[in-house]
Amino acid sequence: MAESSRLCSVWVGSETGILKGVDLGKKQAFNYSDLSTLSRDQEVSALCWGDDFESEVLVGCVNRTVKTFSTEKSRFTEFRHCPGGEGPFRGLAVWDGSLITCVESGLLKVWKEGSVDSAEITVGPDVYKMCQSPSQRHRVATGGKENDLKIWDLQRPEEPVFRAKNLRNDWLDLRVPVWIRDMQFIPGSDKVVTSTGYHQVRVYDPASPQRRPVLQVEYEEYPLTALSLTPDANSVVVGNTHGQVAIIDLRQGRLLRCLKGVAGSVLSLQCHSSLPLVASCGLDRFLRIHNTQDGRLQHKVYLKSRLNCLLFSSQDKLEADGETALQDGVKEEDEEEEDEVWADMPTVTDRAGGGKRRKESEEEPQPSTGPDAAGKTKSATQAKKKTKGMTIGATQAKKTKGKTIDATQAKKTKGKTIDATQTKKTKRKLRSSS
């Protein structure tokens, strides 16, 4: 089990409280939770790396427990209870040996290592996401429903260093609603890209004089639930509640391409740090890996549970040969599943002659496997078609002949009836004349 955890490229948290590790090379998933002690309040709501070497995974549960899982030892090494506030975790982060948590009610806490006390920040109600800056670890961003984007400096937590301003009223002079669902810092800058529940992608720049977004793009008409920046940070991958995943260019503000194959609501997205790959999961219980350059689906693994969040390892565990071999693996697997479905379906026969057809099918010889098997199979199929056509023709001829005979008999019967009637009339005339 320890060796299997080192080979896992993606870590997924499920609705049932199970932490799953996925080995994409072998298309295998491993459960790293005690299934006998699972309960509904252990649902995984947030994941993050515990260190820069990605040797630890921090798992945030609904019951306010943060578990530390060691990828080298393949077991949970620490359990920490983090009370305060209401609702599930909306984000986890690590800074200078301290744990950062944020819950739905808007209470952000910094738990120092080895200390029971924690610093508290109230970031506003109905928080949907808290994320950390990759370059400045002491900065975090928060946002939610009617709780616009704020950037906080944990070294000076009294006031946010940036507070976004809502858009101007629309053409009906109505206030534009606010609903931030996900966000991420753009590497190499102070910019933040967000996705909203009103199908908008916005880019905020704290260095600019305006607090309104410097870029806004709309995608489809359904709420955007997740986003992730590509390795070059020039594009962003977004997913919505109807299983639509797309790549949007942040430089030109246009749609680049769509990633197909997702069936349910997308709850989490993450791009690989160096490869052109993006991992997605959601309510359809599948983990999918798409290529962001050509949009092809490269990996697809069924994980049996509804999936809430994921982590994509930045370590190069995906070999180039393995990727090339698995590019067509999804299609071949789908074709095999379709063949099995058709093979398991019962044979439907007509009522008339059904027994004869079954007997004929049972008496059919098995196809040969020699070099001329294809030719023999084609000739046998053509012979069956001809025989079937001849049988149908003969049946129709019999029916037609039967109808002709019936018509002839009817005519004869009618003639006999007429003759009998005429004979009776003649006898009556003779009697009357006599």
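Remember, it's a predicted structure, so these values are computed and weren't measured experimentally. (Residues numbered from 1 in each chain as written. Predicted model: local features only at pLDDT ≥ 70, side-chain atom pairs only at ≥ 80, totals over all residues. Heavy atoms only, no water.)

## Concerning the pattern of salt bridges
How we decide: We define a salt bridge as a side-chain nitrogen of Lys or Arg found within 4 Å of a carboxyl oxygen belonging to Asp or Glu. Working definition: helices are DSSP H or I runs of at least four residues, strands are E runs of at least two. Numbering for both runs from the N terminus.
Scanning all chains against the criterion turns up 10 salt bridges. Among the salt bridges present, the one from E104 reaches R90, with a minimum N-O distance of 3.5 Å. Of this pair, E104 sits in the loop between β9 (98-103) and β10 (107-111) while R90 sits in strand β8 (residues 89-95), placing them 14 residues apart in sequence. Note that E146 is salt-bridged to R175, the shortest N-O span being 2.6 Å. Of this pair, E146 sits in the loop between β13 (139-144) and β14 (147-153) while R175 sits in the loop between β15 (162-163) and β16 (180-185), placing them 29 residues apart in sequence.

## Some thoughts on the packing of aromatic side chains
Convention followed: A pair of aromatic rings is counted whenever rings of Phe, Tyr or Trp (Trp by its six-membered ring) have centres within 6.5 Å, and the orientation is called stacked for planes under 30 degrees apart, edge-to-face for over 60 and tilted otherwise. Each residue gets one of three labels from its accessible area relative to the maximum for its type: buried under 20%, exposed over 50%, partly exposed in between, using a 1.4 Å probe on protein chains only. Here, over-ring charges are defined by two tests on the NZ atom of lysine or the CZ atom of arginine: distance to the ring centre within 6 Å, and angle to the ring normal within 35 degrees.
Summed over all chains, the structure comprises 10 aromatic pairs. On the basis of an interplanar angle of 55° and a centroid distance of 5.1 Å, the ring pair of Y32 and F69 is categorised as tilted. Of this pair, Y32 sits in the loop between β3 (28-31) and β4 (44-49) while F69 is found in strand β6 (residues 65-70), placing the two residues 37 residues apart along the sequence. According to the relative accessible area criterion, F69 is buried, its value standing at 0%. Ring geometry for F76 versus F79: centroids 6.0 Å apart, planes at 35°, classification tilted. Judged by its relative accessible area of 18%, F76 is buried. Look at F79 and you get exposed, because its relative accessible area is 54%. Three or more aromatic residues joined by ring pairs make a cluster, and in this case those are W11, F30, Y32, F69, F76 and F79. Residue placement shows K67 over the ring face of F76; its charged tip is 5.6 Å from the ring centre.

## Some remarks on the confidence of the model for the protein chain
It should be kept in mind that the predicted coordinates are not to be read in detail where pLDDT is low. Defined as follows: Known as pLDDT, the predictor's confidence for each residue is given on a scale from 0 to 100. Note on definitions: a residue-residue contact is assigned when non-hydrogen atoms from the two residues lie within 4.5 Å.
Summing up the model confidence of the protein chain, the mean pLDDT is 83 and the portion of residues at 70 or higher is 72%. Taken together, the stretch residues 319-329 has pLDDT below 50 and engages in 13 contacts with residues farther than four places along the chain or on a different chain. Low pLDDT, under 50, characterises residues 352-371; the stretch is placed with six contacts to residues that sit more than four places away or in other chains.

## A short note on the sheet that holds β16
Quick reminder of the rule: Here, a strand pair is defined by DSSP locating no fewer than two bridges between the strands. For helices, the fitted line uses only the C-alpha atoms of the stretch in contact; every axis is such a line through C-alpha atoms, and the angle between N-to-C directions lies from 0 to 180 degrees.
Ordered by their spatial adjacency, four strands build an open sheet running β16-β17-β18-β19, and the pairing between neighbours is antiparallel. With one partner strand each, in any of the chains shown, β16 and β19 (215-218) form the two edges of the open sheet. Adjacent strand axes in the sheet meet at a mean angle of 15°, parallel and antiparallel pairs treated alike. For strand β18 (residues 200-204) and β19, the ladder comprises four bridges, and the chain directions are antiparallel. Looking at β19, one finds that R202 is bridged to Q216.

## Structural notes on the environment of L35
Inspection of the secondary structure puts L35 in the loop between β3 and β4. Remark: the alpha-carbon pair of L35 and G17, spanning 18 residues in sequence, is separated by 9.0 Å.

## Section: a nonpolar patch on the surface
Rules: For patch detection, residues must exceed 30% relative accessible area and be free of salt bridges, and they are connected within 9 Å for like charges or within 5 Å for nonpolar side chains (Val, Leu, Ile, Met, Phe, Trp, Tyr). For the area figures, the Shrake-Rupley method with a 1.4 Å probe applies, and any residue is considered shielded solely by the protein chains shown.
On the surface, W171, L172 and L174 cluster together into a nonpolar patch covering about 420 Å² of accessible area. By secondary structure assignment, the location of L172 is in the loop between β15 and β16.

## A short note on the sheet that holds strand β2 (residues 19-23)
The strand order across the open sheet formed by four strands is β3-β2-β1-β28, and the pairing between neighbours is antiparallel. Across the chains shown, the open sheet's two edge strands, defined by having one partner strand only, are β3 and β28 (307-312). Direction aside, the axes of adjacent strands within the sheet are offset by 25° on average. When strand β1 (residues 10-14) meets β2, the two strands line up antiparallel, connected through four bridges. Opposite V12, over in β2, you have K20 as the bridge partner.

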